[in-house]
Structure formats: structure tokens, C-alpha cells
Amino acid sequence: MRPLVVLLGLLALSVNLRAALAGYPPLLETARDDLGLSAGAAGLVQSGALLAMAAGSFLGSSFGLRHGRETALGVAVGLVALGSLVRGVPVVAALVGGSLVLGLGIGLAGVLLAGVVKEHLPERAGAVTGGYTVAMMVGASTAGAVAVPLATLLGGWSFSLAVWAVPAVLALGLWVPVARRAGRPAPHAARQVLAPPWRSSFARRVAVYQLGTSSVFYGALTWLAPYYEGLGWSPQEAGLLIAVWSLAQIPTALVVPVLAERRRRWRFWTGTTSACAFVGSLGVWLWPQPPVVGAWGWIVLMGLGLGAGFPLGLSVIAWRTADGATVAATSGLVLGTGYVCAGLTPLLMGVLIDLTGGFTVALAVLLVFGALQAGAVVAIGDRPRE
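Predicted model, so just to flag it, every value in this text is computed and none were measured.

Rules used in this analysis
- Residues numbered from 1 in each chain as written.
- Predicted model: local features only at pLDDT ≥ 70, side-chain atom pairs only at ≥ 80, totals over all residues.
- Heavy atoms only, no water.
- Axes fitted to C-alpha atoms, helices over the stretch in contact; angles between N-to-C directions.
- Helix = DSSP H or I, 4+ residues; strand = E, 2+ residues; numbered from the N terminus.
- Parallel < 35°, antiparallel > 145°, perpendicular 65-115°, else oblique.
- Contact = heavy atoms within 4.5 Å.
- Nonpolar A, V, L, I, M, F, W, Y, C, P; charged D, E, K, R; others polar.
- 1 Å grid on protein atoms, 1.4 Å probe; cavity = no way out; pocket = protein on both sides within 12 Å on 5 of 7 lines; lining within 4 Å.
- Points joined across faces, edges and corners; volume = space filled by probe spheres on them.
- Salt bridge = Lys/Arg side-chain N within 4 Å of Asp/Glu carboxyl O.
- Buried < 20%, exposed > 50% of the residue type's maximum accessible area, 1.4 Å probe, protein only.
- Phe/Tyr/Trp six-rings, centres within 6.5 Å; stacked < 30°, edge-to-face > 60°.
- Lys NZ or Arg CZ within 6 Å of the ring centre and 35° of its normal.
- Left-handed = near helix turned anticlockwise from the far one by under 90°.
- Patch = residues over 30% accessible without salt bridge, like charges linked within 9 Å, V, L, I, M, F, W, Y side chains within 5 Å.
- Areas by Shrake-Rupley, 256 points an atom, 1.4 Å probe, with all protein chains shown as cover.
- Core = buried A, V, L, I, M, F, W, Y, C linked by side-chain atoms within 4.5 Å.
- pLDDT = per-residue confidence, 0-100.

## Overview of the packing of helix α10 (residues 201-230) against helix α14 (residues 309-320)
Thinking step 1. The geometry of α10 relative to α14 is characterised by a closest axis approach of 9 Å and an angle of 170 degrees between their N-to-C directions. Between α10 and α14, the angle is such that the two are roughly antiparallel. On the side of α10, the interface is formed by Phe202, Val206, Tyr209, Gln210 and Thr213, while α14 contributes Gly309, Phe310, Leu312, Gly313, Val316, Ile317 and Arg320.
Thinking step 2. Taken together, the residues that form the contact of α10 with α14 break down as 7 nonpolar, 4 polar and 1 charged.

Written out as C-alpha cells, the structure reads:
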């Protein structure tokens, strides 16, 4: 199968793996008012999606072995389309249920993407991982920017959420021929026995790194827009802020994994970008408005730092593991652990907002996870070791 065909298909699918999640925060306050939800309950919607992503990550490796990674990846994006469509019904049950379904699909897809890259594009794992991460960010930034205008145009916040079923279905149309050409796995593939990834100290260290990265990312994704709305920004301005935050992640997601791949200087580049994310988070916490830099400067700095975090975490797995099955198994542990913690972060922050009546304590959670991520960067280092 031609690598370019696989790459284009992966990029089309990846556009859908953050958009549905990023379209919710700008509409969160509107949904709260319409459905009568507390901040904690509204955060639980995003947390539910992330916990479902964790479940999908843990299941992704075995699901891919049984059905073939390419076919399983198509099924995963189909779940994203279904979940988005369900969220078009403006009731709490549909919002929660649809979020769980699309979260499961995203979790499955994240693990399967890593295995497909290792199988079909192993020589350029860092660049390809950065490329599909950028595709995710493009989807996320677009969703954040147009969420409120779409709600106005279509007549409701739920319809704005349901729109993201359309690009998922279109991407599936491009991916189906790839999955058909890949065929079904060999009969012995589903019975392949791998060493449990948690026995590897390397896998455990990367899992700690990923839980820090994912918790900062999804905590910020969920609550940055409501935070600035609380400071007097309009919902549309807050949605634009999330779009800029997402766009700022693109350059580092695309370039930094390639630079790190050249000489395997993983710790230097990951440490640098992690520091940017931490300083940006600190600025948003202490000085959210001018005259000290102001929202846009901190948001861009945080975005630049977070952009490389996800692809660098997956790239180091691809560099230090033997084959696609091992990559998928290790990625499942790493992403699943990350999503469990990331899934609890929006809920924890929402509860803290309810308890304290403000965002100060909740935003400090991002700094704690940022420090945890930095410690993992030091522990992983540049050279393979157990």
C-alpha cells in the first residue's frame, strides 16, 4: 500500500479526534443555563468523554489485533460520528451519552494510529505523528472558533455539537478503501501474546509524562473559555481564545518532533516545550489581563508548549519499541493512564470552582500537573534504559 495514501487517510481521520471535544467549552455556559447544570456537572460531561477515551485506549491494542488496525480505526471514527450526532438532542442524557460514545472512539483511534504509523510509515514516525497531531489541532481550533457562530446559525448549542458528525463521515469515506486493501489480520494475530506493558519501567515513565500532558491540555481546554467569560469576555471572544490557543500548538507539533527525531534529543526539546506550557499556565493564573502580557501572550505561550507534548510522547514510544503490536500495547497503557487523569481533571476543577466560587484554586491544578510532567521528562531522558 502506498505510504502517501495511508498518510492522507490518517490526516483526514485525525481532523475529527479533537474537534468534538473542542466545540463544547465555548458552549459550556450556554448549555449550563439551558440544562440547569452546576459547574461540576458541566465539567463531568467533558470528564466522561475523557474517561471513555481512557477505556478506548486500554482496549485499542486488542481490538486492533482482532479486527485489523486499519478496519478498527475506521470503526473508531464511526463512533465519533455517532456520538456527535447523539449530542444534537438538547437533553442531559444525550449530551452525556454522546460524549461517552465519541470519547470511546477517540481513545480507540489514538492507540490504533500509533500502530498504523509503526506498520506503514516507520522511518518517519516522528514527522507523521506530528502531522496527524497538527490535523487534530486544526480540527480543534476550527471547532473552538465556529462553535458559537454555528449555534447562532443553526438555532441551538446542541446542533453546533452535532455538526461534527459530518467531517467524521467524510473522513470515513476516504479511509474505507485503505482498510479494505489492508485486509483482515492473520488468524494468529489476535492470539499474539505480548508482555504486559506496565512491566516496563520505560512505559511507566512515559505514562506519567502523558498524564501530566493530557491533564494540563484537557483541563485548560475545558475551563479556559469559561474562566475568561468570568472575567467579562463574551462567549464568542472566549471561543476565539481557544481557537488561538489551538492554532499556537500547530508549529511546535509539526516541527519539534522532527527536530527531536534527528538526533534523538528528546529530553531537550520536551523539557523546553514543557517549560513554555508551565510559564504560560502560570501567567494565565497570576496575570490573566494586561498590563502584564495579557491573555493572548500567555495563551500563545501555553499553546506552543502543549503542542509538542502529545506527539513527543508517542514518538518516543515508536523510537524505543520493536514493532506495531508493541507500540499499540505501550501506547494503550500510556494514553489510557493519561486520559484517566485527564478525565478527572475537568471534574476536579469544576468542583473546585463550585466550592470556592472562583477559578484561582482550580487553575492551580494545571501547575501541579505541569510540574509532574517536568519530572517525568527528566526521568525518561534521551537514552533507552530500563
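## Quick look at empty space enclosed by the protein
Thinking step 1. Counting across every chain of the model gives 2 cavities of 30 Å³ or more.
Thinking step 2. The space that makes up the largest cavity amounts to roughly 170 Å³.
Thinking step 3. Around the largest cavity sit 17 residues that line it, and Arg18, Met137, Phe217, Gln249 and Phe310 are the ones nearest its centre.
Thinking step 4. When contributions to the lining of the largest cavity are tallied by element, the ones reaching two or more residues are α7 (125-154), α10, α11 (235-263) and α13 (295-307).
Thinking step 5. Here the element with the most residues in the lining of the largest cavity is α10; it accounts for 5 residues.

## Considering the pattern of salt bridges
As a working rule, side chains carrying opposite charge can pair if their charged atoms are close by.
Thinking step 1. Evaluation of the coordinates by the stated rule reveals 1 salt bridge.
Thinking step 2. When the shortest N-O distance is used, the salt bridge between glutamate 29 and arginine 32 registers 3.5 Å. Taken as a pair, glutamate 29 and arginine 32 lie in helix α3 (residues 25-35) at a separation of 3 residues, close to a single helical turn.

## Points about α3
Thinking step 1. Turning to α3, its buried residues are Pro25, Pro26, Leu27, Leu28, Ala31 and Leu35.
Thinking step 2. Residue glycine 36 follows α3 closely and has a positive phi angle near 70 degrees.

## Considerations on the packing of aromatic side chains
Thinking step 1. Tallied over the entire structure, the rule returns 10 aromatic pairs.
Thinking step 2. Taking 5.0 Å as the distance between ring centres and 80 degrees as the angle between the ring planes, the aromatic pair formed by phenylalanine 268 and tryptophan 269 counts as edge-to-face.
Thinking step 3. Phenylalanine 268 gets classed as partly exposed once you look at its relative accessible area, which sits at 39%.
Thinking step 4. Above the plane of the ring of phenylalanine 310 lies arginine 18, whose end atom (NZ or CZ) is 5.2 Å from the centre.

## Structural notes on the packing of helix α5 (residues 69-86) against helix α6 (residues 92-120)
Thinking step 1. For the pair α5 and α6, the least separation of the axes is 7 Å and the interaxial angle reads 160 degrees. In terms of orientation, α5 lies roughly antiparallel with respect to α6. Our pair here, α5 against α6, has a crossing hand that is left-handed.
Thinking step 2. When grouped by side-chain class, the residues that make up the contact of α5 with α6 number 17 nonpolar, 6 polar and 3 charged.

## Topic: a nonpolar patch on the surface
Thinking step 1. Where nonpolar side chains cluster on the molecular surface, the patch consists of Leu51, Phe58, Val340 and Leu344 and spans about 310 Å² of accessible area.
Thinking step 2. At the level of secondary structure, the elements contributing two or more residues to the nonpolar patch comprise α4 (39-67) and α15 (324-356).
Thinking step 3. Summarising the element assignment, phenylalanine 58 is placed in helix α4.

## A few points about the nonpolar core
Thinking step 1. In terms of nonpolar packing, the biggest core is built from 112 residues, with Leu10, Leu73, Trp175, Tyr218, Trp245 and Val284 touching the most fellow members.
Thinking step 2. In terms of residues, this core owes the most to one element, α10, which gives 15 residues.
Thinking step 3. In this structure tryptophan 175 touches Val6, Gly9, Leu10, Leu13, Glu70, Leu73, Gly74 and Val116, once residues within four positions along its chain are discounted.

## So, the confidence of the model for the chain
Thinking step 1. Of all residues in the chain, 90% have pLDDT values of 70 or greater, and the mean over the chain is 83.
Thinking step 2. Looking over the chain, one finds the lowest element-wise mean pLDDT in α14, namely 79, and the highest in helix α8 (residues 157-162), namely 94.
Thinking step 3. Within the model, pLDDT remains below 50 along residues 188-193, and this stretch shows 5 contacts once partners closer than five positions in the same chain are excluded.

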